[in-house]
Amino acid sequence: QPERRQRQLLRAVDRLSLRQQVGQLTISSFPGSRPPPYIRRRLRAGETAGVILFSFNAGPPAQWQRLTRALQRNAHRGALVMVDQEGGDVRTVGWAGPVAAQPLQGSPATVRRGARTAAQQLRRAGVNVNLAPVADVPAGASAALRSRVFAGDAAGIAERTRAAVEGIWAARLAATVKHFPGLGRAVVNTDDGAATIGGDLRRDLVPFRAALRADVPLVMLSHAVYPALDERRIASQSPRIVTGLLRERLGFDGVVVTDSIEAQAVLDRSGVAVAAERSLRAGADLILMTGSASWNEVHPRLLALARRSASFRERVRRSAARVLELKRRLGLRLP
């Protein structure tokens, strides 16, 4: 059955133009409360997999519904619509839950109930992917993400992470576990600067293993450096971490999405187009672009590479198939 489905997905990918295949590996963003012409065109043409929305894009429920309906109309009901809805201050949809931040969300059973309720609210808003939960294991009072992680030790965080994934999936919303392979010990958020996380990572991986056992559909990559795994490359650009650890050792075959490609830890090393190429070569499937102009650099570069290189073309094809499988699981129309 899985092999048959994979063949069907690859046939679906092969019916797309190369421009569309590359487009299915990108997530776009835009300012304002209405999709601008370039977003409408991109969605109609199948040249982006969907969008990430922010609190500035919409406010009351009716505005959210109007916006997401417009996006899906242009995408022929096939757009991934993503938000960051962890809880507490990190809530794109201000009127939806979880109201409490992750450290205060309670027992695994309470986390599961809260995640399901919040996911139902997000579905009503027209969202289908939540870029949560945070699965990082904090260490030390100076941990940059301490206010955004679940309470407990690694095992307790793993239980709550699994509960959140199950609660979100119960409402037919896709969860995204982040930031692989663990950003809990970072003293700087990679949005703001470079971070290096040394030492053994077995404790950090415990919640991610739990999320994979719960069939989490997306894993978000960290932009930190992990010298024990790869001394030179940030995780989102490391074949050792993405392909070697996540794909091969942990057996994840869902969608791997980068954290924001405009994070300072990325821009310290290259522009967004080079970073996107490096991430795809490492094994990522989706490039998350939180800057509205980034697609204009990323898509042409990836398309040019795919036209020149048969191996890169196959890399694009395989990732596009994973994205289409995610869309199928969410009941979206395939391009």
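Scope of this entry: the structure provided in the associated data block.

Rules behind the numbers
- Residues numbered from 1 in each chain as written.
- Predicted model: local features only at pLDDT ≥ 70, side-chain atom pairs only at ≥ 80, totals over all residues.
- Heavy atoms only, no water.
- Buried < 20%, exposed > 50% of the residue type's maximum accessible area, 1.4 Å probe, protein only.
- Helix = DSSP H or I, 4+ residues; strand = E, 2+ residues; numbered from the N terminus.
- Pairing = 2+ DSSP bridges.
- Right-handed = clockwise from strand over helix to strand, strands pointing away.
- Contact = heavy atoms within 4.5 Å.
- Phe/Tyr/Trp six-rings, centres within 6.5 Å; stacked < 30°, edge-to-face > 60°.
- Expected span 1.5 Å × (residues − 1).
- Salt bridge = Lys/Arg side-chain N within 4 Å of Asp/Glu carboxyl O.
- Axes fitted to C-alpha atoms, helices over the stretch in contact; angles between N-to-C directions.
- Parallel < 35°, antiparallel > 145°, perpendicular 65-115°, else oblique.
- Left-handed = near helix turned anticlockwise from the far one by under 90°.
- Nonpolar A, V, L, I, M, F, W, Y, C, P; charged D, E, K, R; others polar.
- Core = buried A, V, L, I, M, F, W, Y, C linked by side-chain atoms within 4.5 Å.

This next bit is on the pairing of strand E3 (residues 80-83). Across the two faces of E3 the burial is the same, with Leu80 and Met82 and Val81 and Val83 all buried. When strand E2 (residues 50-52) meets E3, the two strands line up parallel, connected through three bridges. Note on E3: the bridge partner recorded for valine 51 is valine 81. The β-α-β motif built from E2, the intervening helix H4 (residues 61-74) and the parallel element E3 has right-handed crossover chirality. Sheet analysis places E3 next to strand E6 (residues 129-130), joined by two bridges and oriented parallel. Paired with valine 83 across the two strands is asparagine 130, which belongs to E6.

On to the environment of valine 165. Within the secondary structure layout, valine 165 lies in helix H6 (residues 154-170). For valine 165, a relative accessible area of 0% translates into the label buried. For the pair valine 165 and aspartate 215, spaced 50 residues apart in sequence, the C-alpha separation works out to 8.2 Å. Once residues lying within four places of it in the same chain are set aside, the contact partners of valine 165 are Pro133, Ala175, Ala211, Ala214 and Val216.

For the structure on display, the rule yields two aromatic pairs. Note on phenylalanine 180 and phenylalanine 208: the rings are 5.3 Å apart at their centroids and 90° apart in plane angle, and the pair reads as edge-to-face. In this pair, phenylalanine 180 is assigned in strand E7 (residues 174-180) and phenylalanine 208 in helix H7 (residues 202-213), connecting sequence segments 28 residues apart. Each member of the pair, phenylalanine 180 together with phenylalanine 208, is buried.

Right, let's get into the sheet that holds strand E1 (residues 26-28). With respect to topology, eight strands assemble into an open sheet ordered E11-E8-E7-E6-E3-E2-E1-E12, the strand pairing being parallel. Of all the strands in the sheet, just strand E11 (255-258) and strand E12 (287-288) have a single pairing partner and so form its edges.

Moving on: H7. Along its 12 residues, H7 runs 16 Å from first to last C-alpha, staying within 8% of the 16 Å computed at 1.5 Å per residue. Among the structural elements, H6, E7, strand E8 (218-221) and helix H8 (239-249) are those in contact with the buried residues of H7. Once H7 ends, the next one or two residues include aspartate 215, with phi positive near 65°.

Attention now goes to the pattern of salt bridges. In total, this model carries 22 salt bridges according to the counting rule given. Of the charged contacts in the structure, one is a salt bridge between lysine 178 and glutamate 86, with a shortest N-O distance of 2.8 Å. Of the two residues, lysine 178 is situated in strand E7 and glutamate 86 in strand E4 (residues 85-87); the sequence distance between them amounts to 92 residues. Glutamate 86 shares its class with lysine 178; the two are buried. Between arginine 318 and glutamate 314 there is a salt bridge whose closest N-O contact spans 2.8 Å. Residue arginine 318 and its partner glutamate 314 are located together in helix H12 (residues 310-329), separated by four residues, close to a single helical turn. Relative accessible area serves as the criterion here: at 30%, glutamate 314 is assigned to the partly exposed category.

Right, let's talk about the packing of H6 against H7 for a bit. Close contact between H6 and H7 brings their axes to 8 Å; oriented N to C, the two are set at 25°. Our classification of the angle between H6 and H7 gives roughly parallel. Our pair here, H6 against H7, has a crossing hand that is right-handed. Contacts between H6 and H7 pair Ala154, Ala155, Ile157, Ala158, Thr161, Arg162 and Val165 from the former with Arg203, Val206, Pro207, Ala210, Ala211 and Arg213 from the latter. Classifying every residue of the contact of H6 with H7 by side-chain character gives nine nonpolar, one polar and three charged.

Mapped onto the secondary structure, glycine 87 falls in strand E4. Put simply, glycine 87 and glycine 114 are 27 residues apart on the chain and 9.8 Å apart in space, counted from C-alpha to C-alpha. If we skip the residues at most four places from it in the chain, glycine 87 touches Pro98, Val99, Ala100, Ala101 and Gln105.

So, about the nonpolar core. The biggest cluster of nonpolar side chains holds 83 residues, and the ones touching the most others in it are Leu53, Leu80, Met82, Phe180, Val216, Leu246 and Leu286. Non-local contacts of leucine 80, meaning those with residues more than four positions away in its chain, are made with Ile27, Ala49, Gly50, Val51, Asn128, Val129, Leu286, Val323, Leu326, Lys327, Leu330 and Leu332. With 28 residues, the next largest nonpolar core counts Leu10, Val272, Val316 and Leu324 among its residues.

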